[in-house]
Amino acid sequence: MHRIWPPEAAGEVDQHELERLYGYPDREKWVAVNFVSSADGAVHISGRSRGLSNPVDRQVYPLGSNLADVVLVGSSTAITEEFTGVKPSAEVAELRARHGLAPVPPIAIVTSGQSLPPAPPVLTDVLTPTIVLTCSAAPAERRRAWAEAGAEVELLGDGEVDLVGAVDALAARGLGRIHCDGGPELFGAMLRAGVVDELRLTLSPLLVSGTAGRIASGMHLEPERLHLASALAEDDTLLLRYLLTNPAS
């Protein structure tokens, strides 16, 4: 894999350097949002993101979660993409041990209520309890069902999830290195809340057209200035890391 930005560091990148680039800084909390997109901006093919991925993306993308304390995802994405709990291979377990991380990062689900079923695999097919970050608008019966399925349920906000509080709650658990898998609505909401520190974007060499949405959606947002931290290239695929400049970081 070849680094093309910054220019003074251009050249081949080994696994050690990939781990450095896609690891996390020594901060109390750091939120890195991860997406793959087609060259014309599509965030999925037939409703699933995996059609946009390729071997290059699959080499780098897992480092985000493998080096994280927790995997954060919106409930709709977790159900559509058929999430289960993280089950590290022996190689990943060695990687996490080498970086001083817990053996298994939990999943944290953001939901305001109905989009998360009572006992989906992301709550039941896990090695460590899933954390459900929800709000008081979520029906009490549904919250009880999540807890009965093994989840740890946190109430954060009234009509919608308080995302600043959600990030703080994860950091208070010692889960400050946060790998976010989206989806677009959650990313848009997190941008509005000012809690995103980094965007990790794979630009897949595909043209999709159609009606697929963009990586962030929801209410209008004032344009956010990004700083390109690194750019890697391999087999027509670009892997970009952008830092955000929002005041909350």
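Going along each chain's sequence as written, the residues are numbered from 1 onward. Residues qualify for local features only when their pLDDT is at least 70, as the model is predicted, and side-chain atom pairs are given and counted only at 80 or more; totals for whole chains, interfaces and linings, by contrast, use all residues. Only hydrogens and water are removed before side-chain values are computed, so all heavy atoms of the structure are retained for them.

1. Side note on the overall build of the chain
Then, in step 1: Check the secondary structure of the chain and you find eight helices and 11 strands.
Then, in step 2: Put simply, the radius of gyration uses C-alpha atoms, and a globule should come to 2.2 Å times the residue count raised to 0.38. Computed over its C-alpha atoms, the radius of gyration of the chain comes to 18 Å, within 12% of the 18 Å expected for a compact globule of 249 residues.
Then, in step 3: Expressed as a percentage of its 249 residues, the buried residues of the chain come to 48%.
Then, in step 4: Here, two residues are considered to be in contact whenever any of their heavy atoms come within 4.5 Å of each other. Here the contacts in the chain between residues at least 6 apart in sequence split such that 70% fall between residues at least 24 apart. Each helix is a run of H or I in the DSSP string that is no shorter than four residues. Each strand is a run of E no shorter than two, and both are numbered from the N terminus. Exposure classes here rest on a 1.4 Å probe applied to the protein chains alone. A residue is buried below 20% of its type maximum, exposed above 50%, and partly exposed in between.

2. Considerations on the UniProt feature "domain: Bacterial bifunctional deaminase-reductase C-terminal" (unreviewed entry) in the chain
Then, in step 1: UniProt positions are given in the numbering used here, feature names are shortened, and annotations may be inferred rather than shown by experiment. The UniProt entry lists residues 29–230 under the feature "domain: Bacterial bifunctional deaminase-reductase C-terminal" (unreviewed entry), expressed in the numbering used here.
Then, in step 2: Helix and strand shares over residues 29–230 are 30% and 21% respectively, and the end C-alpha atoms of the span are 21 Å apart.

3. Re unusual backbone geometry
Then, in step 1: In this structure, Pro-6 follows Trp-5 across a cis peptide bond, with omega equal to 0°.
Then, in step 2: Structurally, Pro-6 is set in the loop between β1 (2–5) and β2 (11–12).
Then, in step 3: Located in the positive-phi region is Asp-235, a residue other than glycine, with phi close to 50°.
Then, in step 4: A relative accessible area of 58% places Asp-235 in the exposed class.

4. Overview of helix α2 (residues 55–66)
It helps to recall that an α-helix has 3.6 residues per turn; residues three or four apart then point in one direction.
Then, in step 1: Working rule for helices: expected span equals 1.5 Å times residues minus one. The first and last C-alpha atoms of α2 sit 17 Å apart over 12 residues, in line with the 16 Å expected at 1.5 Å per residue.
Then, in step 2: Considered for burial, the residues of α2 that qualify are Val-56, Asp-57, Val-60, Leu-63, Gly-64, Ser-65 and Asn-66.
Then, in step 3: Whenever two N or O atoms come within 3.5 Å, that pair is a polar contact, provided that in protein one can donate a hydrogen and the other can accept it, and provided that, for residues adjacent in sequence, both atoms are side-chain atoms. The backbone nitrogen of Val-56 lies 3.1 Å from a side-chain oxygen of the residue at the head of α2, namely Asn-54.

5. Remarks on the nonpolar core
Then, in step 1: Residues Phe-35, Leu-72, Leu-133, Leu-170, Phe-187 and Met-190 are the most contacted members of the largest nonpolar core, which totals 31 residues.
Then, in step 2: The set of elements that each furnish at least two residues to this core consists of β3 (30–38), β4 (70–74), β5 (107–110), β6 (131–134), α7 (163–172), β8 (177–180), α8 (184–193) and β9 (198–204).
Then, in step 3: Among the elements that line this core, the one with the most residues is α7, at five residues.
Then, in step 4: Apart from residues lying up to four places away in sequence, Phe-35 is in contact with Val-43, Gly-182, Gly-183, Pro-184, Phe-187, Leu-199, Arg-200, Leu-201, Thr-202 and Ile-215.
Then, in step 5: Among buried residues, those of type Ala, Val, Leu, Ile, Met, Phe, Trp, Tyr and Cys that are joined through side-chain atoms within 4.5 Å constitute a nonpolar core. Residues Leu-21, Tyr-22, Leu-67 and Leu-239 belong to the second largest nonpolar core, which totals 17 residues.

6. Re the side chain of Glu-198
Then, in step 1: Within the fold, Glu-198 resides in strand β9.
Then, in step 2: Of the residues examined, Glu-198 reaches a relative accessible area of 1% and is grouped as buried.
Then, in step 3: Sequence-distant contacts of Glu-198, that is, excluding residues within four places in its chain, are made with Leu-21, Trp-30, Val-31, Ala-32, Val-33, Arg-241, Tyr-242, Leu-243 and Leu-244.

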